[in-house]
Amino acid sequence: MGINSVAVVADLGESFGNYTIGDDGALLTLVTSSNIACGFHAGDPRIMDRTVAGCVARGIELGAHPGYPDLVGFGRRLIEASEEEIRTDVLYQLGALDAFARVHGGTISHVAPHGRMGSIAQTDAKHARAITDAIAAYNTDYIVICQRGLLAEESRKRGLEVGYVFLADRGYGDDGMPVPRSQEGGLIHDPELIGQRSAQVVREGTVRSVNGNVVPLGHDADVLLLHGDHPSVLANGTALRGALGAAGIRVAGLREVLAEKAEVALAG
């Protein structure tokens, strides 16, 4: 703890065909980094193209947001896939987004596994191995955005840098981890509370749980995440940026935040 800067990221490009989710255009004014859907849980080639172009034009870091091939469930259902299927599905999605990044003169900075795939990888070794094997095989410069757990551990085993994420609009339990969306308090609807919690996590490394207890997050908050499909995502993002500014917390790209932390660690 102690670094007074943080990245702000939103899940983007999660519309599909004629169906629109979120307001990506407005969100691009609030974030420093992006998690872009790669066509499996959401997104399609046209949306990926427009989203990448919009991020590159604004200097917003590009992130791949791979998930299960589950458009109906928005990638939030567990799919019983083999380790090989998970690895190749992630690799396929990285290559797809990278194509659009190259065409528009951008570079992918990080990978943030989506939904159920990302959450189960914190505790399931098969998922953690498969995801990190795909990333490491494709580009070892990519940062892995995740929470503490097996995905972070397997990332480091493969020489991949980790950026720890705080889910700004989600409720946390007494263990310092998000609670299920179905649990009371699992999704936060008060923008001001989202902003206050985010500033607290960056400054103090603690979060108030759904049970009312102040608990340690267990790691730095390198990046704050806004879910693009949250019904109040724009209000949430505005309140979050306002709270960070009021607390004197600087927002920057994830790579810049991690580089600053590495310099401080070396100096200390």
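Per an unreviewed UniProt entry, the chain carries the name LamB/YcsF family protein and comes from Streptomyces violaceusniger.

Caption draft 1: Spotlight on the environment of Thr238. The topology assignment puts Thr238 in helix 8 (residues 233–246). Put simply, Thr238 and Arg58 are 180 residues apart on the chain and 18 Å apart in space, counted from C-alpha to C-alpha.

Caption draft 2: Structural context of the pairing of strand 2 (residues 33–37). Buried residues dominate strand 2, accounting for 5 of its 5 residues. Burial along strand 2 is two-sided: the face carrying Ser33, Asn35 and Ala37 and the face carrying Ser34 and Ile36 are both buried. Between strand 2 and its parallel partner strand 3 (residues 62–65), the chain crosses via helix 2 (residues 45–58), and the hand of that crossover is right-handed.

Caption draft 3: Seen up close, the side chain of Ser109. In this fold, Ser109 is placed in strand 4 (residues 108–111). Contact partners of Ser109, with chain neighbours within four places excluded, come to Glu61, Leu62, Asp141, Tyr142, Ile143 and Arg255.

Caption draft 4: Summary view of the environment of Leu28. Looking at the element boundaries, Leu28 is found in the loop between helix 1 (24–27) and strand 2. Using a relative accessible area of 12% as the deciding quantity, one classes Leu28 as buried. For the pair Leu28 and Ala10, spaced 18 residues apart in sequence, the C-alpha to C-alpha distance is 8.6 Å. With residues near it in sequence (within four places) discarded, Leu28 still touches Leu12, Gly54, Cys55, Arg58 and Ile60.

Caption draft 5: Quick peek at the packing of helix 2 against helix 3 (residues 83–103). Close contact between helix 2 and helix 3 brings their axes to 9 Å; oriented N to C, the two are set at 45°. Looking at the two axes, helix 2 sits oblique to helix 3. Crossing hand, helix 2 versus helix 3: right-handed. For the pair helix 2 and helix 3, contact is made by Pro45, Met48, Asp49 and Val52 and by Ala96, Leu97, Phe100 and Ala101, respectively. Broken down by class, the residue content of the contact of helix 2 with helix 3 amounts to 7 nonpolar, no polar and 1 charged.

Caption draft 6: Seen up close, the pattern of salt bridges. Throughout the structure, instances matching the rule amount to 11 salt bridges. In this structure, Arg158 engages Asp133 in a salt bridge whose closest nitrogen and oxygen atoms are separated by 2.7 Å. Of the two residues, Arg158 sits in the loop between helix 6 (150–157) and strand 6 (162–167) while Asp133 sits in helix 5 (residues 125–138), which places them 25 residues apart along the sequence. A relative accessible area of 23% means that Arg158 is categorised as partly exposed. A salt bridge links Asp220 to Lys261; the nearest nitrogen and oxygen atoms lie 3.6 Å apart. Of this pair, Asp220 sits in the loop between strand 8 (214–216) and strand 9 (223–226) while Lys261 sits in helix 9 (residues 254–267), placing them 41 residues apart in sequence. Residue classification places Lys261 among the buried positions, given a relative accessible area of 14%.

Conventions adopted
The residue count restarts for each chain, going from 1 along the sequence in the order it is written. Local features in this predicted model are restricted to residues of pLDDT 70 or higher, and side-chain atom pairs are both shown and tallied only at a pLDDT of 80 or more, whereas totals for entire chains, interfaces and linings draw on every residue. Excluding hydrogens and water, the side-chain values take into account all heavy atoms of the structure. Runs of E in the DSSP output that reach at least two residues are strands. Runs of H or I that reach at least four are helices, and both are numbered from the N terminus. Residue burial is assigned from relative accessible area. The probe radius is 1.4 Å, only protein chains are included, and a residue is buried under 20% of its type maximum, exposed over 50%, and partly exposed in between. For the handedness criterion, the strands are oriented away from the viewer, and a crossover whose path from the first strand over the helix to the second runs clockwise is classed as right-handed. Any two residues whose heavy atoms approach within 4.5 Å are treated as being in contact. Fitted lines through C-alpha atoms give the axes, limited to the stretch in contact for helices. The angle between two N-to-C directions lies from 0 to 180 degrees. An angle below 35 degrees is treated as roughly parallel, one above 145 as roughly antiparallel, one from 65 to 115 as roughly perpendicular, and anything else as oblique. What makes a crossing left-handed is the near helix being turned counterclockwise from the far one by less than a right angle; a clockwise turn instead makes it right-handed. For this classification, Asp, Glu, Lys and Arg are treated as charged, while Ala, Val, Leu, Ile, Met, Phe, Trp, Tyr, Cys and Pro are nonpolar and the rest, including Gly, are polar. The salt bridge definition used is simple: a Lys or Arg side-chain nitrogen within 4 Å of an Asp or Glu carboxyl oxygen.

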